[in-house]
Structure formats: C-alpha cells, structure tokens
Amino acid sequence: MTEYAKILENGNLEYAPRDIPGVSNWGLNEANVLAAGYLPVDSVVAPKGKQQAGWKIENDRIVPVFTAISEPSYLELRRQAYPDITDQLDMIYWDQVNGTNLWRKTIAAVKSKYPKPETTEGNTKNA
C-alpha cells in the first residue's frame, strides 16, 4: 500500500491520516489524499556508504535524500576503542582481587593504538 505524506518545514514527514472528522477511511482514497496536498512516498534502501539526510519532491513523489557517511574522527575512534566503563570497573576490581594487570594492559593497548595528539602553540597534530 502506498503511503502519502507532506514535507514539513522542519524536514520531517507528515503522513496522511486514515480518517478525518466525519469521514472514515478517508486516507484510503487516493484522490482525496492527493487533493489535500499529500504525495506518494518512495521508500528506498540507503546505498552502501550513505545515510538518509532528508526528503525532497521529485516527479510529484517524495524521495529520500542521501549523503555520504562521514569517517569517524580520531577522538571518536579513540573513545570507541576504550571498553565500557562498567567493564573497566570490573577489570580494576579483578586486578585488585587477583593481583593482575588486565585493566592497565587494556588501557595501554588503546593508548598505543591511538596516542594523544601532540600539541604545539595551539596546533594539534593527528587530530
């Protein structure tokens, strides 16, 4: 079944209602929906490496707009490499109870893979 919608000012879609006051199944009649300014919505799977960034009207249909997925920044990669805080706390507890260095080895591995950028006079390298 085709869905009908309007593009709102904020870029979101307002889908056509199924019923309106006094008329049941109003939204099932294509002529009524089109007359009220709603357009058919194309559902398209995002191509690989792209994400949906909004909607546009093309050939009297609403179609999604796709943009390239940006590569994560250095800081995002470094943050993602660290274990979850609860896992870190578990490692610290384990190390204290068992006399091991699991947490320090894990953190050292992340720091060696993603060392802090060197800063000189406000400039940052590797950022």
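Before going into details, it helps to say that this report is about the structure given with it.

Thresholds, definitions, all that
- Residues numbered from 1 in each chain as written.
- Predicted model: local features only at pLDDT ≥ 70, side-chain atom pairs only at ≥ 80, totals over all residues.
- Heavy atoms only, no water.
- Helix = DSSP H or I, 4+ residues; strand = E, 2+ residues; numbered from the N terminus.
- Rg over C-alpha atoms; globule rule 2.2 N^0.38 Å.
- Buried < 20%, exposed > 50% of the residue type's maximum accessible area, 1.4 Å probe, protein only.
- Salt bridge = Lys/Arg side-chain N within 4 Å of Asp/Glu carboxyl O.
- Pairing = 2+ DSSP bridges.
- Axes fitted to C-alpha atoms, helices over the stretch in contact; angles between N-to-C directions.
- Parallel < 35°, antiparallel > 145°, perpendicular 65-115°, else oblique.
- Contact = heavy atoms within 4.5 Å.
- Polar contact = N/O pair within 3.5 Å; in protein donor to acceptor, adjacent residues only side chain to side chain.
- Lys, Arg positive; Asp, Glu negative; His and termini not counted.

1. Regarding the overall build of the protein
When its secondary structure is counted, the protein shows four helices and seven strands. The linear arrangement of helices and strands in the protein, starting from the amino end, is β-β-α-β-β-β-α-α-α-β-β. Computed over its C-alpha atoms, the radius of gyration of the protein comes to 26 Å, more than 25% above the 14 Å expected for a compact globule of 127 residues. Counting only residues that meet the buried cut, the protein has 18% of its 127 residues in that class.

2. Comments concerning the pattern of salt bridges
Applying the stated rule across the entire model yields two salt bridges. A salt bridge links Asp42 to Arg61; its shortest N-O distance comes to 2.7 Å. Of this pair, Asp42 sits in the loop between β3 (39-40) and β4 (50-58) while Arg61 is found in strand β5 (residues 61-68), placing the two residues 19 residues apart along the sequence. Lys56 serves as the salt-bridge partner of Glu58, at 3.2 Å between the closest nitrogen and oxygen. Residue classification places Glu58 among the partly exposed residues on the basis of a relative accessible area of 38%. A residue is classified by how much of its surface remains accessible, and Lys56, at 38% relative accessible area, is partly exposed.

3. Structural notes on the pairing of β5
Sheet analysis places β4 next to β5, joined by eight bridges and oriented antiparallel. Paired with Gly54 across the two strands is Val65, which belongs to β5. In this structure, the hairpin formed by β4 and β5 is closed by a connection of two residues, where Asn59 is found at a positive phi of approximately 55°.

4. Regarding the packing of helix α3 (residues 85-98) against helix α4 (residues 102-113)
Packing of α3 against α4 leaves a shortest axis separation of 7 Å and a crossing angle of 135°. One element, α3, and the other, α4, form an angle in the oblique class. For the pair α3 and α4, the contacting residues are Gln88, Met91, Ile92, Trp94 and Asp95 in the first and Leu102, Trp103, Arg104, Thr106 and Ile107 in the second.

5. Quick look at the side chain of Arg78
By secondary structure assignment, the location of Arg78 is in helix α2 (residues 74-81). Of note is the side chain of Arg78, whose polar atom sits 3.2 Å from the side chain of Tyr82. What Arg78 contacts, discounting residues up to four positions off in sequence, is Val110, Lys111, Tyr114, Pro115 and Lys116.

6. Describing the side chain of Asp95
As for its position among the elements, Asp95 is in helix α3. Arg104 provides the closest opposite charge to the buried, salt-bridge-free Asp95, at an N-O distance of 6.4 Å. There is a polar contact of 2.6 Å between the side chain of Asp95 and the side chain of Thr100. Look past the residues within four positions of Asp95 in its chain and what remains in contact with it is Thr100, Asn101, Leu102, Trp103 and Arg104.

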